[in-house]
Amino acid sequence: MLRLDALKSIYSRLENRAVVTIMGAVAAELQSIGHRSNFFYLQHAMGLASSMGLGIALARPDSQVVVFDGDGSVLMNLGGLTTLARYRPRNLVHVIFDNESLLSVGGFPTATSTGSDLAAIAAAAGIPRTATVRTLDAFTTAFDEALAAGDLTTMVAKVEAVGPSGYVTDLSLLENRFQFQRYLASTREAKVDK
Amino acid sequence: MSPVSTANSRVVYDALKAGGIRLMSALPETWLVHLIRMAEDDPDMTLVRLAKEEEGVGISAGAHLAGMRSAMLMQNHGFLASINAIVSGAQLYRIPLLMLISHRGEFGERDPWQTEGGGVTEDLLHTLRIPFELLDDPQHVARRIAKGQTLAYSSNKPVALLLCRDLMWDD
């Protein structure tokens, strides 16, 4: 499975959800499909995309949060899985694209290439719903089930270690950050208006 | 009985509440025990207990973008452990952080294992250009926390308040 195909297959479901991605290929590929104001790309602070997702989910239990993480990033913040499980935000879906490598920095293999199982680690950390998927059909099904479940899910999508030719896009980091903040504020105001 | 000051912990906690803080991330350390219990007992406060302090940078960043005011409670060694997240998360993305850091290893420190961190904490804050003030007297706690918060939000940058022995310890 290609990560780009996986992202394309669920792109329509990302409307009206707060989406946080990690750096590098995931950010560039999602932007190549089409940037939206509800997407935030954490281009550094490696490992903390899931922590940011937790902060958003706790601050805004009325909003749906999707985090697109990677194996290298999760391995840098395994403790964060225990914190996620502890607070169990039911409005958070945590997707880990596992290409078994640090693709953006030379493709060196991570520990998932030698058998470390991130879905099993997430389950052992206490995350109530976990899955590992290897095909596009299984990915879209698992993602839709996670959205419908109304509970914290960590799903690992095994993808090929290929990505775009470059990672720098014309969206500046701060433009993205303030746009995303305004998006979240607008959804809060919309609720208040009702 | 711990000699950590309950009364002064309350002064700090009340100042945070007055500043609209509704989420605190924390990793326990001796000086923070009362503050963490106060957060735990407060139905209006979301307390997030961390595995490692740098998670708190991500959580506070997310909470801020989502419109909630937060504070981080940590030991100075937790600050040391969070520096990459502060630089490549909060500073890169202009996120205001309110960091309350217990200033272990200063004059009066009795635990030998705490004696290295105190000597580098202020230097690192200077190097990172993080504005900070000492909290060492209950008389100025509320004012300094409020002013620190004001600067954090006007600058969109992290600020730090160092919880000192004279404030936190009763002996």
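Up top is the structure.
Throughout, a residue's number is its position along its own chain's written sequence, starting from 1. Ligands are numbered from 1 and chains lettered from A, in the order in which they are written. Local features are withheld for residues below a pLDDT of 70 in this predicted model, meaning they are given only at 70 or higher, and side-chain atom pairs are given and counted only at 80 or more; totals for whole chains, interfaces and linings count all residues. Here the side-chain values reflect all heavy atoms present in the structure, with hydrogen atoms and water set aside.

1. Side note on the nonpolar core
A general feature of soluble globular proteins is that nonpolar side chains tend to end up buried together. This is how it is decided: Residues belong to one nonpolar core when they are buried, are Ala, Val, Leu, Ile, Met, Phe, Trp, Tyr or Cys, and are joined through side-chain atoms within 4.5 Å. Relative accessibility thresholds used throughout: buried, under 20% of the residue-type maximum; exposed, over 50%; partly exposed, between the two (1.4 Å probe, protein chains only). Only heavy atoms matter for contacts: two residues are in contact if any of them lie within 4.5 Å across the pair.
Within the largest apolar cluster, 86 residues are counted, with the highest numbers of intra-cluster contacts made by A:L14, A:F68, A:F97, A:F139, A:F143, B:F79 and B:M99. Contact partners of A:F139, with chain neighbours within four places excluded, come to A:M1, A:A6, A:S9, A:I10, A:V95, A:F97, A:V133, A:M155 and A:A157.

2. Overview of the packing of aromatic side chains
Here is the rule we go by: Only centres within 6.5 Å qualify two rings of Phe, Tyr or Trp (six-membered ring in Trp) as a pair; their planes then separate them into stacked at under 30 degrees, edge-to-face at over 60, and tilted for everything else. Per the convention used, a helix needs a DSSP run of H or I reaching at least four residues, while a strand needs a run of E reaching at least two, with both numbered from the N terminus. Whether a charge sits over a ring comes down to the Lys NZ or Arg CZ being within 6 Å of the ring centre and within 35 degrees of the ring normal.
Evaluated as defined, the whole model comprises seven aromatic pairs over all chains. Between A:F40 and B:Y93 the ring centres are 5.0 Å apart and the planes differ by 65 degrees, which places this aromatic pair in the edge-to-face class. Of this pair, A:F40 sits in strand β2 (residues 39-41) while B:Y93 sits in the loop between α5 (83-91) and β4 (98-102), placing the two residues on different chains. Note on accessibility: A:F40 and B:Y93 belong to one class, buried. Look at A:F68 and A:F97: their rings are 5.7 Å apart centre to centre, the planes differ by 20 degrees, and that puts the pair in the stacked class. With A:F68 in strand β3 (residues 65-70) and A:F97 in strand β4 (residues 92-98), this residue pair connects regions lying 29 residues apart in the sequence. An aromatic cluster is built from A:F68, A:F97, A:F139 and A:F143, whose rings are joined through pairwise contacts. It is A:R36 that lies over the ring of A:Y11; its NZ or CZ is 4.3 Å from the centre. Taking the ring centre of A:F178 as reference, the NZ or CZ of A:R177 above it sits at 3.9 Å.

3. Some words on empty space enclosed by the protein
If you roll a probe as big as a water molecule over the atoms, it shows you where there is empty space left. For the record, the criterion: Using only the protein atoms, space was sampled on a 1 Å grid; points where a 1.4 Å probe fits but cannot get out form cavities, open sets with protein on both sides within 12 Å along at least five of seven lines form pockets, and lining residues are those with an atom within 4 Å of a point. Grid points are joined across faces, edges and corners, and a volume is the space filled by probe spheres set on the points. Residues were grouped as follows: Ala, Val, Leu, Ile, Met, Phe, Trp, Tyr, Cys and Pro as nonpolar; Asp, Glu, Lys and Arg as charged; and all remaining residues, including Gly, as polar.
Under the defined criterion, the tally for this structure stands at two cavities of 30 Å³ or more. The wall of the largest cavity is formed by 13 residues, among which A:L42, A:M52, B:A61, B:G89 and B:A90 lie closest to the centre. Of all elements in the fold, only α3 (54-65) and α5 of chain B reach the threshold of two or more residues within the lining of the largest cavity. Counting residues per element, the lining of the largest cavity draws most heavily on α3(B), at four residues. A class-by-class count of the residues in the lining of the largest cavity yields eleven nonpolar, two polar and no charged. Counted as a void, the second largest cavity has a volume near 60 Å³. B:S60, B:H64, B:M68, B:S70, B:P96, B:L97, B:L98, B:Q149, B:A152 and B:Y153 together form the lining of the second largest cavity. Secondary structure elements with two or more residues in the lining of the second largest cavity: α3 and α7 (138-155) of chain B. Of all the elements, α7(B) adds the most residues to the lining of the second largest cavity, at three residues.

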